[in-house]
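Geometric and topological summary
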Amino acid sequence: GAGVSQSPSNKVTEKGKDVELRCDPISGHTALYWYRQSLGQGLEFLIYFQGNSAPDKSGLPSDRFSAERTGGSVSTLTIQRTQQEDSAVYLCASSPQTGVQETQYFGPGTRLLVL
Amino acid sequence: SQKIEQNSEALNIQEGKTATLTCNYTNYSPAYLQWYRQDPGRGPVFLLLIRENEKEKRKERLKVTFDTTLKQSLFHITASQPADSATYLCALTDSSYKLIFGSGTRLLVRP
């Protein structure tokens, strides 16, 4: 009965470097979301995957951000040429299927600090 | 633009009292409203969902109200306990899969 897992839990990087953040959703969940949470702020939607459909990338803040989901399971969020304003907690969530009444199950997040 | 407001100041109450948290929204017509709890260093955890045609929803010591005229939801914790101390987030969705989150209100329950 594992929940959503994310790795690494913490990441410190230098400005200009690329980083990859990983999310393992709950087995069988078809929907996967990425959010960003800055200090004292709410969650900012980044990207959404549902099954084999094209992902909704409307929340990605710039073309330095990209994400993929392989085999309908594990997802990787990549930030290229990181900037200090990218520092935040990146949260992944999954849900059994698409539906407005579906609750989302969140992972513990990856805390990214760009120096 | 769509806006969700939660009191940014922490709510500090005595154990045993009822905590009431507020979520206001503008320029939005949500079909569903959800409340989540977030502890430091952890991801949010779902608590309750209420539909636009529901006035009130209860779960154990929790109660949520949804007033689409006032564009407001109230979240109540009765007989509060120190273990209830956390940040509480409201989230809205219209007819899509996207949740829009408020910034949350921190609740502190003193023993």
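For the structure given in this document, a descriptive report is provided here.

Procedures and definitions
Residues numbered from 1 in each chain as written. Chains lettered and ligands numbered in written order. Predicted model: local features only at pLDDT ≥ 70, side-chain atom pairs only at ≥ 80, totals over all residues. Heavy atoms only, no water. Pairing = 2+ DSSP bridges. Helix = DSSP H or I, 4+ residues; strand = E, 2+ residues; numbered from the N terminus. Axes fitted to C-alpha atoms, helices over the stretch in contact; angles between N-to-C directions. Disulfide = S-S within 2.5 Å. Contact = heavy atoms within 4.5 Å. Buried area = accessible area lost by both parts, 1.4 Å probe. Salt bridge = Lys/Arg side-chain N within 4 Å of Asp/Glu carboxyl O. Polar contact = N/O pair within 3.5 Å; in protein donor to acceptor, adjacent residues only side chain to side chain. Nonpolar A, V, L, I, M, F, W, Y, C, P; charged D, E, K, R; others polar. Core = buried A, V, L, I, M, F, W, Y, C linked by side-chain atoms within 4.5 Å. Buried < 20%, exposed > 50% of the residue type's maximum accessible area, 1.4 Å probe, protein only.

With that out of the way, let us pick up the sheet that holds strand 3 (residues 19–24) of chain A. For sheets, the rule is that strands pair by backbone hydrogen bonds, running either parallel or antiparallel. Residue and element names in this part refer to chain A. Pairing in this open sheet of four strands is antiparallel, and the strands run 1-3-7-6 from one edge to the other. Whereas interior strands pair on both sides, the edge strands pair on one side only; in this sheet they are strand 1 (5–7) and strand 6 (65–69). On average, each strand axis in the sheet is inclined to that of its neighbour by 15°, with strand direction left out of account. The pairing of strand 1 with strand 3 spans three bridges and is classified as antiparallel.

Okay, the state of the cysteines next. Residues and elements named next belong to chain A. Here the structure, examined in full by the defined rule, presents two disulfides over all chains. What pairs with Cys 23 in a disulfide is Cys 92, and their sulfur atoms sit 1.8 Å apart. In this structure the cystine formed by Cys 23 and Cys 92 twists about its S-S bond by roughly -60°; its chirality is therefore left-handed. Remark: Cys 92 occurs in strand 8 (residues 88–95) and Cys 23 occurs in strand 3; sequence separation between them is 69 residues.

This part is about the interface of chain B and chain A. Frequently, the measure chosen for interface size is the accessible area removed from exposure when the parts meet. Every contact between the two is made by 22 residues of chain B and, on the other side, 22 residues of chain A. Taken over both partners, the interface formed by chain B and chain A buries close to 1600 Å², and the fraction arising from carbon and sulfur atoms is 60%. Viewed at the interface, chain A and chain B are joined by one salt bridge. Its salt-bridge partner being Lys98(B), residue Asp56(A) comes within 3.4 Å of it at the nearest N-O pair. The tally of links from chain B across to chain A stands at five residue pairs in polar contact (both at pLDDT 80 or more). Of the residues that constitute the side of chain B that touches chain A, the class distribution is nine nonpolar, nine polar and four charged.

Counting residues in each nonpolar core, the largest one holds 23 residues, and the members touching the most others are Trp35(B), Phe75(B), Ile77(B), Tyr88(B) and Leu107(B). Those elements giving two or more residues to this core turn out to be strand 3 (19–26), strand 4 (32–38), strand 5 (45–51), strand 7 (62–67), strand 8 (72–77), strand 9 (86–93) and strand 11 (105–110) of chain B. With sequence-adjacent residues up to four places away left out, Ile77(B) is seen in contact with Lys17(B), Thr18(B), Ala19(B), Arg61(B), Leu62(B), Asp84(B), Tyr88(B) and Leu107(B). Formed by 20 residues, the second largest nonpolar core is a distinct cluster that contains Leu21(A), Ile47(A), Leu60(A) and Cys92(A).

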